[in-house]
Amino acid sequence: MYWHYVRHGVKPSEWYAMGPGERVVLRAFMLKEIEGEEHAREEIENKVKGG
């Protein structure tokens, strides 16, 4: 819930009002977002290292 509040403005009351299916979907989106950020970070680190 914290991730969605900080990153996307989903209020705690909105989070708790969601059904379990909606939360599963948001979790999947969150994990995909984290994966994309990790990939971007790795690319930047490789460019900085000259690789």
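Refer to the preceding data block for the structure.
Procedures and definitions
- Residues numbered from 1 in each chain as written.
- Predicted model: local features only at pLDDT ≥ 70, side-chain atom pairs only at ≥ 80, totals over all residues.
- Heavy atoms only, no water.
- Patch = residues over 30% accessible without salt bridge, like charges linked within 9 Å, V, L, I, M, F, W, Y side chains within 5 Å.
- Areas by Shrake-Rupley, 256 points an atom, 1.4 Å probe, with all protein chains shown as cover.
- Salt bridge = Lys/Arg side-chain N within 4 Å of Asp/Glu carboxyl O.
- Helix = DSSP H or I, 4+ residues; strand = E, 2+ residues; numbered from the N terminus.
- Buried < 20%, exposed > 50% of the residue type's maximum accessible area, 1.4 Å probe, protein only.
- Contact = heavy atoms within 4.5 Å.
- Polar contact = N/O pair within 3.5 Å; in protein donor to acceptor, adjacent residues only side chain to side chain.

A. Region of the structure containing a nonpolar patch on the surface. Residues Tyr 2, Tyr 5 and Val 6 make up a contiguous nonpolar surface patch of about 370 Å² in total accessible area. Here Tyr 5 lies in helix 1 (residues 2–8). By relative accessible area, which is 45% here, Tyr 5 ends up partly exposed.

B. Broad picture of the environment of Glu 33. Tracing the backbone through its elements, the reader meets Glu 33 in helix 3 (residues 20–49). Along the backbone, Glu 33 and Glu 43 are 10 residues apart, and their C-alpha atoms lie at a distance of 15 Å. Here Glu 33 is in contact with Trp 3, Arg 7 and His 8, once residues within four sequence places are set aside. Within the structure, the side chain of Glu 33 is placed 3.4 Å from the side chain of Arg 7, a separation counted as a polar contact.

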